[in-house]
Amino acid sequence: MYRTALRNVLAHKGRLLMTALAIMLGTAFVAGTMVFSDTLGQAMKNSYSKSYSDVSVLVSDRAAGASLRADQRGDDAAPTLTDATVKELGALPGVQQSRGVVSGFTGVADKKGNLIGQPWSAQGANFVPGANGQDPRYPLVEGRGPKTGSEIALDRTTADGNGFKVGDTVRIAGNGPVVNATLTGVVTTDDPTVTSGGTLVLMDTATAQQTLLTPGRYNSVVLTAQPGTAESALLAAVQAKLPQDGFEVQTGKQLTDEQTTNIAATTSTMKTMLLIFAAISLFVGIFIIANTFSMLIAQRIKELALLRAVGAARGQVTGSVLVEALLIGASASVAGLLVGVGIGAGMQALIAAISPGMPTGPLVIAPATVITSLTVGILVTVLSAVLPAIRASRIPPVAAMSSGDQPTTQKGLIVRNTIGSLVTAGGLALILAGASAADSGGRTLIEGGAPLTLIGIFVLLPLLSRPVIALVGPLLAKLAGTPGKLARRNAVRNPRRTAATAAALTIGLTLVSTMTVLGASVNDVVARTVTGTMQADYNVAMATHDDLSPEVAKAIAKAPGVAASSPVSNAYWSFGGRHQAVNGFDADAFDQVIHPTMTSGSTDAIKHGQALIDTEMAKSSGASVGSALQVTYADETTGTVTVGGVFQRTEMLAPVVLANSEVLGHTVQPYVNEILVKGKDGATPALKQAIKDATGSNPVIQVKSKQDMRDESSRAISFALNMMYGLLGMSVVVAVLGVVNTLAMSVFERKREIGMLRAIGLDRRGIKRMVRLESVVISLFGAVIGVGLGCFLAWATNRTLASDLPGLVTVIPYGRMLLFLVLAGLVGMFAAIWPARRAAKLDILTSIKTD
């Protein structure tokens, strides 16, 4: 029987080609993901470990890490890291070097005035020269280190990439005003944030403290141990020397281990996401494998029945089919592993091309990658062939004297449809229950119900195929005549086969449609919120989302063309024991920059020191217009706030809105993160430039119109969708292989029928059209089911998101959905090219003589 299995594999290698390709692609996706993730993770670990190469013990100021202006809260008694601390720690036994470190955000403007790189990767630090003028942490490659407040040094990548030379004037900015500094030196660094595309600005220590922290204060102190001194011993000495509160003390090994853990978590998340899409491709491949073996068994009924007749047991027949699957799975998995290694190398090269500074290293092919890839490929293939193998063992010996496929029993259809109906009903019940719950718990129900519904639909696809495909029957007959009629009948001739082929496209389009509708819905609510609530023409904010200095607000208010402006202050107060965010606005400018939807009261209330609260807070607190709310302010004092109006909840406003005079009167350190500006002539280029000029053309301060804000949200959603489309591309390729495979094997089965059609007058063009239309019908059937199910899942998910995104409604982008259907039709057309050509080239007499 094993020799028979091997002979069958070799005899039908052409028919098994598409199955092998599907397995290979799925396995390659898995292997490529693991190789790329392991390689990137190892490269990042190697790169980040260099950051602590000179660190034996690191002492960090927790207060400085939590807030650059912690001392302004009046926390004078808190211990800090100063020059005295650096000297004191440097005098400990076993310390070779003690270095005070100042760090913080510092942006660099290019020669056009725009911020270089991303805000999160723009760093500033202090340059600490030794007796030779060099700082070993930042080796100079050109010029000298900065010595005064008007001098800086830049990392080499930033300097070279933007054409800066020693002696040039460079504009830099942190959270304060713009500084025009002279570039005195260019340095190198192994800091992975900088080597990955960030920027580094070095200042003398006094300037760095003044700009980034507080004069005389350090963020951290780095201690380098003398040779022979253990990090643990130095750690104990430092802990004994410093107060227990206010400082965090870690060894270099602890820092490296912590960084390694963080990198592992990051790469693990990325690997998991990619493996999910690889699993989708393999899941799609299951249908192709099962369909292929079902068709092969149908074509070999006489052969298998003859084996039974000469004494082969059912178990032997089942085993021979599974051995065939094992041989195909093993060979395709090995090929997939090799292709996956190539994919991993290609992904690494792509990342290096997009981000030249990203860490790179030799390919890491871990044993787990080899074992997982081969195991997954073989298991998926063998398990997919189990049901066809069992069906093969049930072929009676008497079938050797008959011809044709064995019809599916009525009992089998009833059982299948009953199971499918029950599973689908259970899944739908969970989804509807989740949609009714309309909260995060509802999303959990939907996550459980969606797979059940999808599986149930797959089981019911044969039942659905006849009525759904019948809808296009008249259209096919009208447009394509006889080939159209034949295509429709062929598509429903074997519902199981049609369902298995269409299911591959159903999976992909269900996911794509769900995410597309969700993206369109979120885009819509963001656009309506910005357009409906924001009356201002421009929003001014830091790219880092830090607070803006009061001087910026004053300068903008005086800019030409500004009709009204309001800083938006932020605070957290306690109302009845519950902390709530509070927004403060300029009372006189409020109606010109913000237009909330009021359900009761008036916006004029804030001019009289009263508060506006949103509907959710009104409901939870039982408050209404005229109610007095007990409040504990940020400065720990207490009082009452009178409700002057209630507005519809919106993401643009905090639950409580007051005049700035009220908010700032109870805030020790005011936090203003944005300024809203209304122009005399609306949003004009002149007004935007005037606002930029008022900020000193600070590259870190962004001036956005309402359209800019909508576009920013749209770009983020589009990026996520495009990434998902790309990752699902592999499953689409596998689905195409499935359609090609089904059609090719179907053409082989119907050689006699095609020969008869040719004999009675259907020409080659008609045969091609028949096969192409059959492919298109099957593809569109799967696409329609997928798009419909995807829209339903998106609707249910939107119901659960409504509490987090007020005003969220389901928006179906009909144009995009129609495009998906058109693309599915084109996929069917493309998949039919080879089978259609093969069918048209069949010799009439040879085909008619086919047994």
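What you see is a predicted model; the values in this text were computed from it and never measured.

Student: So, the overall build of the chain: which residues are in play, and what are the values?
Tutor: Secondary structure assignment for the chain yields 28 helices and 22 strands. Between the mean site of the 70 positive side-chain charges and the mean site of the 56 negative ones, the chain shows a separation of 22 Å.

Student: Let's hear about the environment of Gly 319: which residues, and what values?
Tutor: Along the chain, Gly 319 turns up in helix H11 (residues 314–354). Its relative accessible area of 24% is what places Gly 319 among the partly exposed residues. For the pair Gly 319 and Asp 257, spaced 62 residues apart in the sequence, the C-alpha separation amounts to 50 Å.

Student: Account for the sheet that holds strand E12 (residues 247–251), naming residues and giving values.
Tutor: Spatially, E2-E11-E1-E12 is the arrangement adopted by the four strands of the open sheet, whose pairing is antiparallel. Looking along the sheet, the strands with just one partner apiece sit at the ends: strand E2 (95–101) and E12. The average undirected angle you get between the axes of adjacent strands in this sheet is 15°. Pairing geometry for strand E1 (residues 57–61) and strand E11 (residues 220–225), over four bridges, is antiparallel. Across the sheet, residue Ser 60 finds its bridge partner in E11, namely Ser 220. Against the sheet, helix H4 (residues 83–90) touches E1, E2 and E11, its axis set at about 165° to E2. Running at roughly 165° to E12, helix H8 (residues 231–241) makes contact with E1, E2, E11 and E12 of the sheet.

Student: Give me the lowdown on the pattern of salt bridges, citing residues and values where you can.
Tutor: In total, this model carries 14 salt bridges according to the counting rule given. The partner of Asp 61 in a salt bridge is Arg 217, and the shortest N-O contact between them spans 3.1 Å. Taken together, the positions of Asp 61 in strand E1 and Arg 217 in the loop between helix H7 (205–212) and E11 put the pair 156 residues apart, joining distant regions of the chain. Here Asp 257 and Lys 253 are joined by a salt bridge, their closest N and O atoms 2.8 Å apart.

Student: Could you give an account of helix H18 (residues 550–557), naming the residues involved and the relevant values?
Tutor: Within the span of H18, buried status applies to Val 552, Ala 553 and Ile 556. Projected onto a plane normal to the axis of H18, the buried residues spread over an arc of 100° and lie on a single side. Away from its buried face, by an angle of more than 90 degrees, H18 presents the exposed residues Pro 550, Glu 551 and Lys 554. If you follow the buried residues of H18, they end up packed against strand E13 (538–542), strand E14 (562–575), strand E21 (671–679), helix H22 (685–694) and strand E22 (701–705).

Student: Tell me about the pairing of E12, and name the residues and values.
Tutor: With respect to burial, E12 is a largely interior element, four of its five residues being buried. In terms of strand pairing, E1 meets E12 through five bridges, oriented antiparallel. Looking at the pairing, Val 57 lines up with Thr 251 of E12.

Student: Summarise the nonpolar core; cite the residues concerned and give the values.
Tutor: Formed by 78 residues in total, the largest nonpolar core has its most connected members in Phe 277, Phe 458, Leu 461 and Ile 767. Here this core takes 15 residues from helix H25 (residues 764–801), the largest share from any one element. In this structure Phe 458 touches Phe 283, Phe 287, Arg 416, Ala 503, Thr 506 and Ile 507, once residues within four positions along its chain are discounted.

Student: Explain helix H23 (residues 706–749) to me, using residue names and the numbers behind them.
Tutor: Counted at 1.5 Å a residue, the expected span for H23 with its 44 residues is 64 Å, and the 62 Å between its end C-alpha atoms agrees. Of all the bends found along H23, the most pronounced is centred on Gly 729 and spans about 35°.

Student: Account for the packing of helix H24 (residues 751–759) against H25, naming residues and giving values.
Tutor: Close contact between H24 and H25 brings their axes to 10 Å; oriented N to C, the two are set at 140°. The orientation of H24 with respect to H25, classified from their angle, is oblique. Note on packing geometry: the crossing formed by H24 with H25 is right-handed. Residues Ile 754, Leu 757 and Arg 758 of H24 pack against Arg 764, Ile 767 and Met 770 of H25.

Student: How would you summarise the confidence of the model for the chain if you had to cite specific residues and measurements?
Tutor: Chain-level statistics for the chain give a pLDDT mean of 84 and a share of 92% at 70 or above. Counted against residues more than four places away or in other chains, residues 66–77, with its pLDDT under 50, gives 17 contacts.

Student: Could you give an account of the packing of helix H17 (residues 495–533) against H25, naming the residues involved and the relevant values?
Tutor: The contact between H17 and H25 brings their axes to 6 Å, and the two run at 35°. The crossing of H17 and H25 is right-handed. Considered class by class, the residues forming the contact of H17 with H25 number 14 nonpolar, 13 polar and no charged.

Student: Requested: an account of the side chain of Thr 369, with residues and values cited.
Tutor: You can see Thr 369 is positioned in helix H12 (residues 367–384). Dropping the residues within four chain positions of it, Thr 369 is found in contact with Ala 31, Met 34, Val 35, Asp 38 and Leu 337.

Student: How would you summarise a nonpolar patch on the surface if you had to cite specific residues and measurements?
Tutor: A contiguous nonpolar patch, built from Leu 818, Leu 819, Val 822, Leu 823 and Leu 826 and spanning about 450 Å² of accessible area, is present on the exposed surface. Residue placement: Val 822 occurs in helix H26 (residues 814–831). Residue classification places Val 822 among the partly exposed positions, given a relative accessible area of 44%.

Student: Describe the packing of aromatic side chains, listing the residues and the values that go with them.
Tutor: Tallied over the entire structure, the rule returns six aromatic pairs. For the pair Trp 573 and Phe 575, a centre-to-centre distance of 6.5 Å together with 40° between the ring planes defines the contact as tilted. Residue Phe 575 is classed as buried on the basis of its relative accessible area, which comes to 8%. By relative accessible area, Trp 573 is classed as buried at 1%. Arg 137 extends its terminal NZ or CZ atom over the ring of Tyr 138, reaching a point 5.4 Å from the ring centre.

Student: Hey, could you go over unusual backbone geometry for me, with residue numbers and the actual values?
Tutor: Non-glycine residue His 545 carries a positive phi angle of around 65°. Inspection of the secondary structure assignment puts His 545 in the loop between E13 and H18. Unusually for a residue other than glycine, Ser 697 sits at a positive phi of about 55°. For Ser 697, a relative accessible area of 34% puts it in the partly exposed group.

Student: Lay out the environment of Leu 773 with the relevant residues and their values.
Tutor: For Leu 773, the location among the structural elements is in helix H25. By relative accessible area, Leu 773 is classed as buried at 17%. For the pair Leu 773 and Leu 801, spaced 28 residues apart in the sequence, the C-alpha separation amounts to 41 Å.

Rules behind the numbers
- Residues numbered from 1 in each chain as written.
- Predicted model: local features only at pLDDT ≥ 70, side-chain atom pairs only at ≥ 80, totals over all residues.
- Heavy atoms only, no water.
- Helix = DSSP H or I, 4+ residues; strand = E, 2+ residues; numbered from the N terminus.
- Lys, Arg positive; Asp, Glu negative; His and termini not counted.
- Charge placed at Lys NZ, Arg CZ, Asp CG, Glu CD.
- Buried < 20%, exposed > 50% of the residue type's maximum accessible area, 1.4 Å probe, protein only.
- Pairing = 2+ DSSP bridges.
- Axes fitted to C-alpha atoms, helices over the stretch in contact; angles between N-to-C directions.
- Contact = heavy atoms within 4.5 Å.
- Salt bridge = Lys/Arg side-chain N within 4 Å of Asp/Glu carboxyl O.
- Arc of directions from axis to C-beta.
- Core = buried A, V, L, I, M, F, W, Y, C linked by side-chain atoms within 4.5 Å.
- Expected span 1.5 Å × (residues − 1).
- Bend = angle between axes of the 7 residues up to and from the residue.
- Parallel < 35°, antiparallel > 145°, perpendicular 65-115°, else oblique.
- Left-handed = near helix turned anticlockwise from the far one by under 90°.
- pLDDT = per-residue confidence, 0-100.
- Nonpolar A, V, L, I, M, F, W, Y, C, P; charged D, E, K, R; others polar.
- Patch = residues over 30% accessible without salt bridge, like charges linked within 9 Å, V, L, I, M, F, W, Y side chains within 5 Å.
- Areas by Shrake-Rupley, 256 points an atom, 1.4 Å probe, with all protein chains shown as cover.
- Phe/Tyr/Trp six-rings, centres within 6.5 Å; stacked < 30°, edge-to-face > 60°.
- Lys NZ or Arg CZ within 6 Å of the ring centre and 35° of its normal.

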